[in-house]
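So the chains spell out like this:
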Amino acid sequence: MHCYEDFHCHFRPALPADFDHLRDLASRCWMEIYEGQVRQESIHRFRKEDGAGAYVREFLPSIQVATVNREVIGMISLTHGYITGLYVDGRYRGNLIGTSLLHNARLDGGHLLDVSAANRRAIAFYERRGWKKLRAFEEDVFGTRVKAFTLVRAR
């Protein structure tokens, strides 16, 4: 989906004041990715344990955000070369915001990431940008085992 309005996107480190917006974005995107591939018990557990909030609390110091009119519309985290949580609000997809977040993380040393094997749109996104599957594995997603890939991008 493209956002056809004229807008200016800004990139900056996440702030503690962004917590609620980041949790909401991470939660919405997690549901979009996993709702169709995990058991209902896993979705219930994700909500009950505030999985999105736990993610944001853990990674807040390493999260970069994209904002439009001071609203957080995208995020990415980079820790020790590992990229996690590239999320872009659906209203702004197709405007190169995810590409820009990923590019900035690469410039800062990001060269590995994990992606759900069922998230074909994300895999295609990464592959178009030169990322390659390094290995397949199973991950535990709140009690459901799902297939995933680690992708790598040559430095």
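The rules behind each value
Every chain begins its residue count from 1, and numbering advances along the sequence as written. The model is predicted, so local features are restricted to residues of pLDDT at least 70 and side-chain atom pairs to those at 80 or more, both for listing and for counting; the totals for chains, interfaces and linings are taken over all residues. Only hydrogens and water are set aside; all other atoms, that is, all heavy atoms of the structure, feed into the side-chain values. Segments assigned H or I by DSSP are reported as helices when at least four residues long, segments assigned E as strands when at least two residues long, and all are numbered from the N terminus. Computation of the radius of gyration draws on C-alpha atoms alone. For the globule rule, the value is 2.2 Å times the number of residues to the power 0.38. The buried label goes to any residue with under 20% of its type's maximum accessible area, the exposed label to any with over 50%, and the partly exposed label to all in between, with areas taken from a 1.4 Å probe on protein chains only. One bridge is not enough; two strands pair if DSSP finds at least two bridges between them. To get an axis, a line is fitted to the C-alpha atoms, and for a helix only the part in contact is used. The angle between two axes follows their N-to-C directions and goes from 0 to 180 degrees. Oblique is the label for any angle not under 35 degrees, not over 145, and not in the 65 to 115 range, which are roughly parallel, roughly antiparallel and roughly perpendicular in turn. Take the far helix as your reference; a near helix turned counterclockwise from it by less than a right angle gives a left-handed crossing, and one turned clockwise gives a right-handed crossing. What makes two residues a contact is simply this: any of their non-hydrogen atoms within 4.5 Å. Residues are grouped as follows: Ala, Val, Leu, Ile, Met, Phe, Trp, Tyr, Cys and Pro are nonpolar; Asp, Glu, Lys and Arg are charged; all remaining types, including Gly, are polar.

(A) Main features of the overall build of the protein. Counting secondary structure elements, the protein contains five helices and seven strands. Listing every helix and strand of the protein by position from the N terminus yields β-α-α-α-β-β-β-α-β-α-β-β. In terms of C-alpha radius of gyration, the protein reaches 15 Å, essentially the compact-globule figure of 15 Å for 155 residues. Considering only C-alpha atoms, the protein reaches an extent of 40 × 35 × 30 Å along its principal axes.

(B) Up close: the pairing of strand β4 (residues 82–88). Most of β4 sits inside the fold, with five of its seven residues counted as buried. Examined bridge by bridge, strand β3 (residues 71–79) and β4 share five bridges and lie antiparallel to one another. Looking at β4, one finds that threonine 79 is bridged to tyrosine 82. The turn linking β3 back onto β4 is made up of two residues, and histidine 80 within it adopts a positive phi angle of 50°. Judged from the two bridges that link them, β4 and strand β5 (residues 112–116) form a sheet pairing that is parallel. Each residue of the ladder has a partner; that of isoleucine 83, found in β5, is leucine 113.

(C) Highlighting the packing of helix α1 (residues 19–34) against helix α3 (residues 51–59). Relative orientation of the contacting elements α1 and α3 amounts to 125°, with a least axis distance of 8 Å. In this view, α1 runs oblique relative to α3, as classed from their interaxial angle. Here α1 runs over α3; the crossing is right-handed. Within the contact between the two elements, α1 uses Phe19, Leu22, Arg23, Ala26 and Ser27 and α3 uses Ala52, Gly53, Val56 and Arg57. When grouped by side-chain class, the residues that make up the contact of α1 with α3 number five nonpolar, two polar and two charged.

In short, shape yes, function no, at least from these values alone.
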